[in-house]
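Letter by letter, the chains look like this.
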Amino acid sequence: MPAIVQATYCNTYSDFIAKFQNDLITILNPVRGEKILDLGCGTGNLSRELLSRGVYVTSVDSTPSMVKAAKAAGVDAILADEATFESDKKFDAIVSNFALHWLDDQFSFIKNAYRLLRSGGRLAVECGGSGCVRIIREGIKLALQSRGIDYKSRNPWKFPGVDDTVAVLESHGFRVQSIGRYNCPIELSHGIRLWLEVFAESYVEGMSREERNSFYEDVEEYCLPMLYDKKTQAWTADYVRLRFLATKE
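Computed from a predicted structure; not experimentally measured. (Residues numbered from 1 in each chain as written. Predicted model: local features only at pLDDT ≥ 70, side-chain atom pairs only at ≥ 80, totals over all residues. Heavy atoms only, no water.)

**A few points about the pattern of salt bridges**
Thinking step 1. This model, assessed by the stated rule, comprises 11 salt bridges.
Thinking step 2. As a salt-bridge pair, Asp23 and Arg243 come within 3.4 Å of each other at their nearest N and O atoms. Of this pair, Asp23 sits in helix α2 (residues 21–28) while Arg243 sits in strand β10 (residues 240–248), and the two are 220 residues apart along the sequence.
Thinking step 3. Accessibility expressed as a relative area gives 14% for Arg243, which makes it buried.
Thinking step 4. A salt bridge links Glu249 to Arg175, with the nearest nitrogen and oxygen atoms 3.2 Å apart. Of the two residues, Glu249 is situated in the segment after β10 and Arg175 in strand β6 (residues 174–183); the sequence distance between them amounts to 74 residues.
Thinking step 5. Classification of Glu249 as partly exposed rests on a relative accessible area of 48%.
Thinking step 6. Using a relative accessible area of 46% as the deciding quantity, one classes Arg175 as partly exposed. (Salt bridge = Lys/Arg side-chain N within 4 Å of Asp/Glu carboxyl O. Helix = DSSP H or I, 4+ residues; strand = E, 2+ residues; numbered from the N terminus. Buried < 20%, exposed > 50% of the residue type's maximum accessible area, 1.4 Å probe, protein only.)

**Regarding the packing of aromatic side chains**
Thinking step 1. This model, assessed by the stated rule, comprises 13 aromatic pairs.
Thinking step 2. Consider the rings of Trp195 and Phe199, whose centres lie 5.3 Å apart with planes at 45 degrees: the pair is tilted. Placement of the pair is Trp195 and Phe199 together in helix α8 (residues 192–199), with a separation of 4 residues, close to one helical turn. With respect to class, Trp195 is no different from Phe199; both count as buried.
Thinking step 3. Ring centres 5.8 Å apart and planes at 65 degrees place the aromatic pair Phe215 and Tyr216 in the edge-to-face group. Here Phe215 and Tyr216 have matching classes, each one buried.
Thinking step 4. By the ring-pair criterion, three or more aromatic residues cluster together here, those being Phe98, Trp102, Tyr151, Trp157, Phe159, Trp195, Phe199, Tyr203 and Tyr239.
Thinking step 5. It is Lys248 that lies over the ring of Tyr114; its NZ or CZ is 4.6 Å from the centre. (Phe/Tyr/Trp six-rings, centres within 6.5 Å; stacked < 30°, edge-to-face > 60°. Lys NZ or Arg CZ within 6 Å of the ring centre and 35° of its normal.)

**Some remarks on the state of the cysteines**
Thinking step 1. In this structure the tally under the stated criterion is 0 disulfides.
Thinking step 2. The closest cysteine sulfur to the non-disulfide-bonded Cys184 is located on Cys132, 7.2 Å from its own sulfur.
Thinking step 3. Residue classification places Cys184 among the buried residues on the basis of a relative accessible area of 16%.
Thinking step 4. This cysteine, Cys223, is not joined by any disulfide, and Cys132 carries the nearest cysteine sulfur, 13 Å off. (Disulfide = S-S within 2.5 Å.)

**Comments concerning the packing of α8 against helix α9 (residues 209–227)**
Thinking step 1. It is at 10 Å that the axes of α8 and α9 come closest, and there the two elements cross at 125 degrees. For the element pair α8 / α9, the angle class is oblique. The way α8 lies across α9 gives a crossing that is right-handed. Of the residues in α9, those touching α8 at Ile192, Arg193, Leu196 and Glu197 are Asn213, Tyr216, Val219, Glu220 and Cys223. (Axes fitted to C-alpha atoms, helices over the stretch in contact; angles between N-to-C directions. Parallel < 35°, antiparallel > 145°, perpendicular 65-115°, else oblique. Left-handed = near helix turned anticlockwise from the far one by under 90°. Contact = heavy atoms within 4.5 Å.)

So this is what it looks like as structure tokens:
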């Protein structure tokens, strides 16, 4: 996850991200005493849960603020690139929650995971899937285009699809045990504006405060008819998740 996601993420949005880890732990099925690598550990929620189940956890994240937050929560996190992290030991399993879609080089992540696993080791991943936050991204794209800014050059996300993910995993020597793409709308209890400020920072890089406010207002206006419930006065993000379990051949 890029450095732009700072303390606001740690304090405000780690709660709903942590919710995604329950199903991920279920498919991982950790066994007491196993050595598990948490790649993209974020604030350490998943690592803490795994530690409570009696496994040995190595926690890695490429963002200094995430490593700092994880350490503050009692997780001995390591600052390193998830796609190039090196270790002398082999792991029984690798787990990653809400991190893969932030990586520029997802191929290297998969390749590195294969190298770090023992024979028969498991790779369990939960991330944004194809179509994730589609409506929000449409609003962002239109707001950028109206300002003469290229959307692709500022897009920080790569949301993989099922077929492409299976192909990449198999090409690197994994056997896919399970994979699925799931619609899971998430209520934004703090509103869409704060969500944009936290997760869509790259789109407003170089803008003045006034320009940013105008940009956010345009995105909100586009999303309002589809993502805002006037009765409950609640915003919802149109999340789509991709979850898979693969084993090293």
